[in-house]
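As a plain string of letters, each chain reads:
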Amino acid sequence: MNLILDLDTGIDDALAISYAASQDDANLLGITTAFGNVRVETATRNSLAMLELLGLTDVPVAQGADRPWGAEEKYVPSETLLQVHGRNGIGEVVLPEPQRMPETTNAVDFLIAKAREYGKDLTLVTAGPMTNLADAFKKDPEAISSIGKIVSMAGAVTVPGNVTRYAEANIINDAAAAKYVFESGLDITVVGLDVTLRTLLSGDDINAWKQPNSAIGNALAQMSDYYYANETDPDGNSVGGALHDPLAADIALHPETITYQVPMNLTLEVGSESNGRTIGNLNRLTDETTTAIVCTNVEAADFSRRFAAAILKLANRDQA
Ligand code: BDR
Ligand code: CA
């Protein structure tokens, strides 16, 4: 499967890159980056560094949005985000300075070019704010509509948010862009907190990745230890390392991971106490067609096991 990952590369994004790298059926065409967990420049650097760690030095990285729609200033991550993902976005793990530069093409033009080249044979996974996707659709709706499948880690339809009681991080980081995408008519599989909070890392899994004593295993274990200790809900309670972005990558590759899904037309509430809430679009309740598939249950234990085993395999391979 031809895959592009659109990321705000923090820890679970780095785990998603690693998971994609471990899957024989994934042909990673590139990574596009945006602000979110970190500034966009850091997301780009982390993506390049992760690809080098994984030996994927021919996978291009195209840098994208540095701020949400309508913002005058470049985005600066909140102290809470810096705590969840670390000040460098990857749990203070020090990876070698990347030897490669990002593409000279920006993320939007990269997405459009790949959509034109691969069309229905392209799968896009967004796991950061939806700014790059919104910008690309705005610029070339025909190309972006031709993409075979779009899977987005975004939102919280049946559970509370993780930034506020209502809003999930990727949505609230650019609510205007997300609303635009949901109302654009694009078909999107929505992998929100509804399902990602069911897929948690275990301390035993992380410890197993350390056993081969390889660069990949040690780096991913160290990042995951950090994330495991620092991811909290809006009330400050520990979440315990939800596999948000890896689950979106998995669902793109293996849709059978979904056990329950609700087709609906989504929108966002804006400007009220429930700002950023992903919810059914009242104006489109009677439409005959729906554009979003909201995942509400998954083979959580099975996925968490497969994920941990896939990373362990990478760690072992690196040692050999
Ligand atoms: C999402 O927000 C980001 O912090 C994570 O990388 C994930 O994509 C979880 O709400
Ligand atoms: Ca992310």
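Everything numeric in this text was worked out from a predicted model, so none of it was measured.

What counts, and where the lines are drawn
- Residues numbered from 1 in each chain as written.
- Chains lettered and ligands numbered in written order.
- Predicted model: local features only at pLDDT ≥ 70, side-chain atom pairs only at ≥ 80, totals over all residues.
- Heavy atoms only, no water.
- Donors = N, O, S within 2.8 Å, 3.2 Å for Na, K, Ca; no water.
- Helix = DSSP H or I, 4+ residues; strand = E, 2+ residues; numbered from the N terminus.
- Buried < 20%, exposed > 50% of the residue type's maximum accessible area, 1.4 Å probe, protein only.
- Phe/Tyr/Trp six-rings, centres within 6.5 Å; stacked < 30°, edge-to-face > 60°.
- Near = heavy atom within 4 Å.
- Polar contact = N/O pair within 3.5 Å; in protein donor to acceptor, adjacent residues only side chain to side chain.
- Areas by Shrake-Rupley, 256 points an atom, 1.4 Å probe, with all protein chains shown as cover.
- 1 Å grid on protein atoms, 1.4 Å probe; cavity = no way out; pocket = protein on both sides within 12 Å on 5 of 7 lines; lining within 4 Å.
- Sits in = over half its atoms within 2 Å of the grid points.
- Nonpolar A, V, L, I, M, F, W, Y, C, P; charged D, E, K, R; others polar.
- Contact = heavy atoms within 4.5 Å.
- Pairing = 2+ DSSP bridges.
- Expected span 1.5 Å × (residues − 1).
- Points joined across faces, edges and corners; volume = space filled by probe spheres on them.

**Some points on the coordination of the calcium ion (ligand 2)**
Think of it this way: four donors in a tetrahedron around the metal ideally sit 109.5 degrees apart, and six in an octahedron ideally sit 90 or 180 degrees apart.
No. 1: For the calcium ion (ligand 2), the protein coordination sphere consists of D8 (OD), D13 (OD), D13 (OD), A127 (O) and D245 (OD), at 2.2 to 2.7 Å.
No. 2: Every donor residue of the calcium ion (ligand 2) comes from the same chain, spaced as D-x4-D-x113-A-x117-D. With D8 in the loop between β1 (2-7) and α1 (11-22) and D245 in helix α12 (residues 244-253), the pair connects residues that are 237 residues apart, well separated along the chain. The two residues D8 and D245 agree in class, both being buried.

**Observations regarding the packing of aromatic side chains**
No. 1: The final tally for this structure, using the stated rule, is seven aromatic pairs.
No. 2: Consider the rings of W69 and Y180, whose centres lie 5.0 Å apart with planes at 55 degrees: the pair is tilted. Here Y180 lies in helix α8 (residues 175-182) and W69 lies in the loop between β3 (61-63) and α3 (79-85), a separation of 111 residues in the sequence.
No. 3: The exposure class assigned to Y180 is partly exposed, which follows from its relative accessible area of 26%.

**Description of the site of ligand 1**
No. 1: Residues in close proximity to ligand 1 total 13 residues, the closest being D12, N37, N162, E168 and D245.
No. 2: One nitrogen or oxygen atom from the side chain of D12 is found 2.6 Å from an oxygen atom belonging to ligand 1.
No. 3: Between H85 and ligand 1, the recorded distance is 3.4 Å, taken from a side-chain N or O atom to an oxygen atom.
No. 4: Coverage of ligand 1 by the protein amounts to 95% of the 280 Å² it exposes when considered alone.
No. 5: For ligand 1, the cavity whose grid points lie within 2 Å of the majority of its atoms is the largest pocket.
No. 6: Of all the secondary-structure elements, those providing two or more residues to the shell around ligand 1 are α1, α7 (169-172) and α12.
No. 7: Among the residues forming the shell around ligand 1, the class breakdown is three nonpolar, five polar and five charged.

**Topic: the side chain of N2**
No. 1: Positionally, N2 belongs in strand β1.
No. 2: In terms of polar contacts, N2 uses its side chain to reach the backbone carbonyl oxygen of D121, at 3.0 Å.
No. 3: Setting aside residues no more than four positions away along its own chain, N2 makes contact with N27, L29, Y118, D121, L122 and T123.

**Some thoughts on the pairing of strand β4 (residues 122-126)**
No. 1: Of all five residues in β4, five are buried; the element is thus mostly enclosed.
No. 2: Covered by surrounding structure in β4 are L122, L124 and T126 together with T123 and V125, the residues of both alternating faces.
No. 3: Bridge analysis of β1 against β4 gives five bridges, and the strand direction is parallel. Looking across to β4, one finds that N2 is bridged to L122.
No. 4: Looking at chain direction, β4 and strand β5 (residues 149-153) are connected through four bridges and run parallel. Bridge pairing in β5 links L124 to I150.

**Brief notes about helix α11 (residues 215-230)**
No. 1: Between its terminal C-alpha atoms α11 stretches 23 Å, which fits the 22 Å expected from 16 residues at 1.5 Å a residue.
No. 2: Within α11, burial applies to I216, G217, A219, L220, A221, M223, S224, Y227 and N230.
No. 3: Where α11 is buried, its residues contact α1, α2 (40-53), α3, α10 (203-210), α12 and α13 (300-319).

**Digging into the layout of surface pockets**
No. 1: What the largest pocket holds in volume is close to 360 Å³.
No. 2: Contributing to the lining of the largest pocket are 27 residues, with L81, V84, N162, V163 and A169 lying nearest its centre.
No. 3: At the level of elements, α1, α3, α7 and α12 are the ones that each hand at least two residues to the lining of the largest pocket.
No. 4: Counting residues per element, the lining of the largest pocket draws most heavily on α3, which supplies four residues.
No. 5: The computed volume of the second largest pocket comes to approximately 160 Å³.

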